[in-house]
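# Secondary and tertiary structure notes
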Amino acid sequence: MKLPDAFLANMKELLGDEYGAFLASYAEKPERGLRVNTLKIAPEDYRELSPWPLTPVPWEAAGYVGAAEGRHPHHLAGLFYIQEPSAMAAAGTLDPKPHERVLDLSAAPGGKATALAARMENTGFFVANEIVPARARTLLSNVERMGIRNAVVVSEDPRRLLDHFGPYFDRVLVDAPCSGEGMFRREPEGIALWNGKTNEACAQRQSRILDTAAGLVRGGGRLLYSTCTFSPLENEEAAAGFLARHSDFVLEPIAPLPGFSEGLLPGTVRIWPHKAPGEGHFMARFRKKGEEASRLPELALDAAPKPLREFAEGFFTASEEGPVLPLKESCFVPPEGCPRLSGLRVLRCGLALGEVRGKHFVPHHAMAMALLKGDARRELALAADDPRLLAYLRGETVPGAPDRGWGVVLVDGYPVGLMRESEGIYKNGLPKGLRLY
Ligand SMILES: C[S@@+](CC[C@H](N)C(=O)[O-])C[C@H]1O[C@@H](n2cnc3c(N)ncnc32)[C@H](O)[C@@H]1O
């Protein structure tokens, strides 16, 4: 791997005596990891189920170092998210709580967003935003795979979110677009995009995003800034510049956990590839002074339409008849206290239940992914290595019972998609884009 001379000179100046150890880390394999989805399974239970050896990550209770496969049925069932271990540090550092209002301003593909949502335990109001529409669609599919019910997925410029929400959120994450120096070992193709001017250009964009994010935090709320790069310009200097421009924020020092190194600005954190099991990260946490908070009108909901009520009666073991958000033929259950979102590019508002088609209701894959074993009346329970499961994941039909109606396919006890029993076969309900070929 040929690293740019100017990058190496910067690192030598930054690291001094540690430079040799840092450089030697490039001869090692990149760290890989998975974070267990606590919305579905406890970390220790997944460790038992996992086909891969897993070693705990020091700073994240649900995080493990290990090389998981994205095509494995457990991944498709949303039991874990494949995430580089140092990226796992952000969610615990921002530490969102159930029932809070939380915003991830630059969320795709969703590693940190899905971890924040897991900590909210499907309560409260979570906004996952991604400015690039194609990346926002990937974010949505990860939010669905992980069975998250309380997320609004939007694709907006952060300034439009500021106009809409104002100081609304208890916690905001800015996992900023950066020069990605910490990704060089894992994604060497990124090296060619780096030049001596990259850090400055990124720092300017980061300042703009942070200034916008400041206005979205309510008084008393928290803002976490993170990057996967090493440049002080994009890290400590960005954090210090933010504090200088925003006297209504103070730095809230991050507790030093094993594997965390203090940044050049006291109270900030770095994770170094030569000192900890991770590719590299920076984090600075701020708290907003005062009590200012915006109040927004809540979204109006309707009673569930008849086809949905009839479907629910036959499908769920215990159905709750709550109000829904009808959008054209589709029905959603929005997050707790969801405000009106008109004018925003919303890809998803809470949990997609499905679509009314004439007298019938067709359930959505996302709804199945948000279920646990026992929630649906009809379940086809298969082991991860059952050939019928692989046939199902390829989009094929599977021999079934003579019953009629929708149900859920489980892998090792966890929903992986919908099926419809009909005249002795299970028809496949897995969306085409998610099938394995
Ligand atoms: C480091 S990545 C986010 C990774 C994500 N948080 C995760 O954990 O999976 C930064 C994201 O910022 C987005 N981005 C680019 N320009 C932006 C802007 N001006 N404002 C907000 N986000 C931006 C990029 O498209 C990219 O998806």
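Residues numbered from 1 in each chain as written. Predicted model: local features only at pLDDT ≥ 70, side-chain atom pairs only at ≥ 80, totals over all residues.

Let us look at helix α6 (residues 111–120). Most of α6 sits out of view: 10 of its 10 residues are buried. Listing the buried residues of α6 in full gives Gly-111, Lys-112, Ala-113, Thr-114, Ala-115, Leu-116, Ala-117, Ala-118, Arg-119 and Met-120. Phi turns positive one or two residues past the end of α6, at Glu-121, with a value near 55 degrees. (Buried ≥ 20, exposed ≤ 12 C-beta atoms within 10 Å, placed from the backbone. Helix = DSSP H or I, 4+ residues; strand = E, 2+ residues; numbered from the N terminus.)

Attention now moves to the sheet that holds strand β17 (residues 351–357). As summarised here, the arrangement of the 4 strands in space is β14-β15-β17-β18, forming an open sheet in which the pairing is antiparallel. Edge positions in the sheet fall to β14 (325–327) and β18 (360–363), since each of these pairs with one other strand and no more. Averaged over all adjacent pairs, the angle separating strand axes in this sheet is 30 degrees, with direction ignored. Bridge count between strand β15 (residues 330–333) and β17: 4 bridges; the pairing is antiparallel. Following the sheet pairing, Ser-330 is matched in β17 by Glu-355. (Pairing = 2+ DSSP bridges. Axes fitted to C-alpha atoms, helices over the stretch in contact; angles between N-to-C directions.)

Glancing now at the packing of helix α8 (residues 158–165) against helix α9 (residues 198–216). The N-to-C vectors of α8 and α9 enclose an angle of 15 degrees; their axes lie 9 Å apart at closest approach. Taken together, the axes of α8 and α9 are roughly parallel relative to one another. Note on packing geometry: the crossing formed by α8 with α9 is left-handed. Facing Pro-158, Arg-159, Leu-161, Leu-162 and Phe-165 of α8, the residues of α9 in contact are Ile-209, Thr-212, Ala-213, Gly-215 and Leu-216. (Parallel < 35°, antiparallel > 145°, perpendicular 65-115°, else oblique. Left-handed = near helix turned anticlockwise from the far one by under 90°. Contact = placed C-beta atoms within 7 Å.)

Interfaces are frequently sized by the accessible area removed from exposure as the parts join. The assigned domain composition of the protein is domain 1 (5–288) and domain 2 (371–437). Each of domain 1 and domain 2 has a C-alpha centre, and these two points are 35 Å apart. The interface of domain 1 with domain 2 comprises 9 residues on the first partner and 10 residues on the second. By residue number, the principal contributor to the side of domain 1 that touches domain 2 is helix α4 (residues 73–76), which donates 3 residues. (Domains from an automatic or database assignment.)

Here we come to the UniProt feature "domain: SAM-dependent MTase RsmB/NOP-type" (unreviewed entry) in the protein. Those residues carrying the UniProt feature "domain: SAM-dependent MTase RsmB/NOP-type" (unreviewed entry) are residues 1–289 in this numbering. Structurally, residues 1–289 is divided into 33% helix and 22% strand, and its ends, taken at the C-alpha atoms, are 46 Å apart. (UniProt positions renumbered as here; feature names shortened; annotations may be inferred.)

Here we take up the site of the ligand. For the ligand, the set of nearby residues contains 18 residues, the closest of which are Ser-106, Gly-111, Lys-112, Asp-175 and Pro-177. Every element with two or more residues in the shell around the ligand is listed here: α6 and α9. The residue inventory of the shell around the ligand, partitioned by class, reads 10 nonpolar, 3 polar and 5 charged. (Near = placed C-beta within 6 Å. Nonpolar A, V, L, I, M, F, W, Y, C, P; charged D, E, K, R; others polar.)

Bringing the nonpolar core into the picture now. Formed by 119 residues in total, the largest nonpolar core has its most connected members in Leu-116, Val-172, Val-174 and Ala-213. A total of 7 residues in this core trace back to one element, the largest contributor, which is α9. Lining this core are residues from two domains, each supplying at least three of them: domain 1 (5–288) and domain 2 (371–437). Once you skip the residues sitting within four places of it in the chain, Leu-116 turns out to touch Ala-91, Leu-94, Pro-96, Val-102, Asp-104, Phe-126 and Leu-173. (Core = buried A, V, L, I, M, F, W, Y, C linked by C-beta atoms within 7 Å.)

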